[in-house]
Amino acid sequence: KNQVEQSPQSLIILEGKNCTLQCNYTVSPFSNLRWYKQDTGRGPVSLTIMTFSENTKSNGRYTATLDADTKQSSLHITASQLSDSASYICVVRPDTGTASKLTFGTGTRLQVTL
Amino acid sequence: KAGVTQTPRYLIKTRGQQVTLSCSPISGHRSVSWYQQTPGQGLQFLFEYFSETQRNKGNFPGRFSGRQFSNSRSEMNVSTLELGDSALYLCASSLVSGDFETQYFGPGTRLLVL
């Protein structure tokens, strides 16, 4: 069964610090992997998308990495801000199929404090 | 451009009742997908519509149904509500249905079944 596991489940960091969120998946064959940010009370917003041939993708202070061999991805947040407080969801799309085949992780809830 | 809108935003129902949720996609988007989000399960795919046709359906019982209108607006219906149906229901739209199409999510409808 295709699975996506994220760690940690939750994280509290001080403003200005960096953090790294992890995503391990078993989806195979693999097409692409997205990271979403979901603010409380809002729908998820796409941050990055990577195919199996890409190792890293940046979006401002967010940098995603992908190791297709070990089936691991990480999302690194640099110089965190209070507005980074949200849930971060890793989503993997298999090689075939449409939206019905997307596998979502349960997310990491990040809280940035003063 | 206006984003994806969902109505109502909050809903309280009792067991056995039925409910209809509405989603208006971004103008020009023809693909609409519905997801159920619960804390323990993450996002679970319900169904996808494209040009008024249901393209895919997730592993949910027949109590969950949906439809899409000619203007791409979509509704989902849940009959004979159960306590376990309490969740955030998210709608996402995209221009077409494809591997690299970015889905834009609405804010969701939070359903509480008592």
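Right above here is the structure, for reference.
Described in the following lines is the structure provided in the data block.

Rules used throughout
Residues numbered from 1 in each chain as written. Chains lettered and ligands numbered in written order. Predicted model: local features only at pLDDT ≥ 70, side-chain atom pairs only at ≥ 80, totals over all residues. Heavy atoms only, no water. Contact = heavy atoms within 4.5 Å. Buried area = accessible area lost by both parts, 1.4 Å probe. Salt bridge = Lys/Arg side-chain N within 4 Å of Asp/Glu carboxyl O. Polar contact = N/O pair within 3.5 Å; in protein donor to acceptor, adjacent residues only side chain to side chain. Helix = DSSP H or I, 4+ residues; strand = E, 2+ residues; numbered from the N terminus. Phe/Tyr/Trp six-rings, centres within 6.5 Å; stacked < 30°, edge-to-face > 60°. Buried < 20%, exposed > 50% of the residue type's maximum accessible area, 1.4 Å probe, protein only. Lys NZ or Arg CZ within 6 Å of the ring centre and 35° of its normal. Pairing = 2+ DSSP bridges. Axes fitted to C-alpha atoms, helices over the stretch in contact; angles between N-to-C directions.

## Things to note about the interface of chain A and chain B
Alright, step 1. Each partner contributes residues to the interface: chain A has 23 residues there, and chain B has 23 residues.
Alright, step 2. With both chains or domains summed, chain A and chain B bury close to 1600 Å², and 51% of this area falls on carbon and sulfur atoms.
Alright, step 3. At the boundary of chain A with chain B, the tally comes to zero salt bridges.
Alright, step 4. One can count four residue pairs in polar contact (both at pLDDT 80 or more) joining chain A with chain B.
Alright, step 5. Contributing elements (two or more residues each) for the side of chain A that touches chain B: β4 (30-38), β5 (45-51) and β9 (86-94) of chain A.

## Focus on the packing of aromatic side chains
Alright, step 1. The tally for this structure, following the rule as stated, stands at eight aromatic pairs over all chains.
Alright, step 2. Where A:Y25 meets A:F30, the ring centres are 5.1 Å apart and the plane angle is 25°; that geometry is what we call stacked.
Alright, step 3. Owing to a relative accessible area of 4%, A:Y25 belongs among the buried residues under this scheme.
Alright, step 4. A:F30 gets classed as buried once you look at its relative accessible area, which sits at 11%.
Alright, step 5. Among the aromatic side chains, those forming a connected cluster through ring pairs are A:Y36, A:F104, B:Y35, B:F45 and B:F105.
Alright, step 6. Cation over ring: A:R61 sits above A:Y62, and NZ or CZ is 5.7 Å from the ring centre.
Alright, step 7. Positioned above the aromatic ring of B:F50 is the side chain of B:R55, whose terminal nitrogen or guanidinium carbon lies 5.3 Å from the ring centre.

## As for the environment of B:S51
Residues and elements named next belong to chain B.
Alright, step 1. Positionally, S51 belongs in the loop between β5 (42-50) and β6 (53-57).
Alright, step 2. Between the C-alpha atoms of S51 and S27, which are 24 residues apart in sequence, the distance is 13 Å.
Alright, step 3. Setting aside residues up to four positions removed in sequence, S51 forms contacts with R30 and Q68.
Alright, step 4. Of the polar contacts made by the side chain of S51, one reaches the side chain of R30; its length is 2.8 Å.

## A word on the sheet that holds strand β1 (residues 5-7) of chain B
Residues and elements named next belong to chain B.
Alright, step 1. The four strands are arranged β1-β3-β8-β7 in an open sheet whose pairing can be described as antiparallel. The outermost strands of the open sheet, each flanked by one partner alone, are β1 and β7 (64-68). On average, each strand axis in the sheet is tilted by 15° relative to the strand beside it, whichever way the strands run.
Alright, step 2. Bridge count for β1 against strand β3 (residues 19-24) is three bridges, and the pairing is antiparallel. Bridge assignment links T7 to a residue of β3, and that residue is S22.

## Digging into the pairing of β5(B)
Residues and elements named next belong to chain B.
Alright, step 1. When you tally the buried positions in β5, you get eight out of nine residues, the bulk of the element.
Alright, step 2. Pairing analysis gives eight bridges linking strand β4 (residues 31-38) to β5, with the strands arranged antiparallel. In the strand pairing of β5, S33 is matched with E48.
Alright, step 3. In sequence, β4 turns back onto β5 through a hairpin of three residues.
Alright, step 4. By the bridge criterion, four bridges tie β5 to β6 in an arrangement that is antiparallel. Within β6, the residue paired with Y49 across the bridge is Q54.
Alright, step 5. Following β5, the chain reverses through two residues before pairing antiparallel with β6; S51 in that reversal takes a positive phi of roughly 50°.

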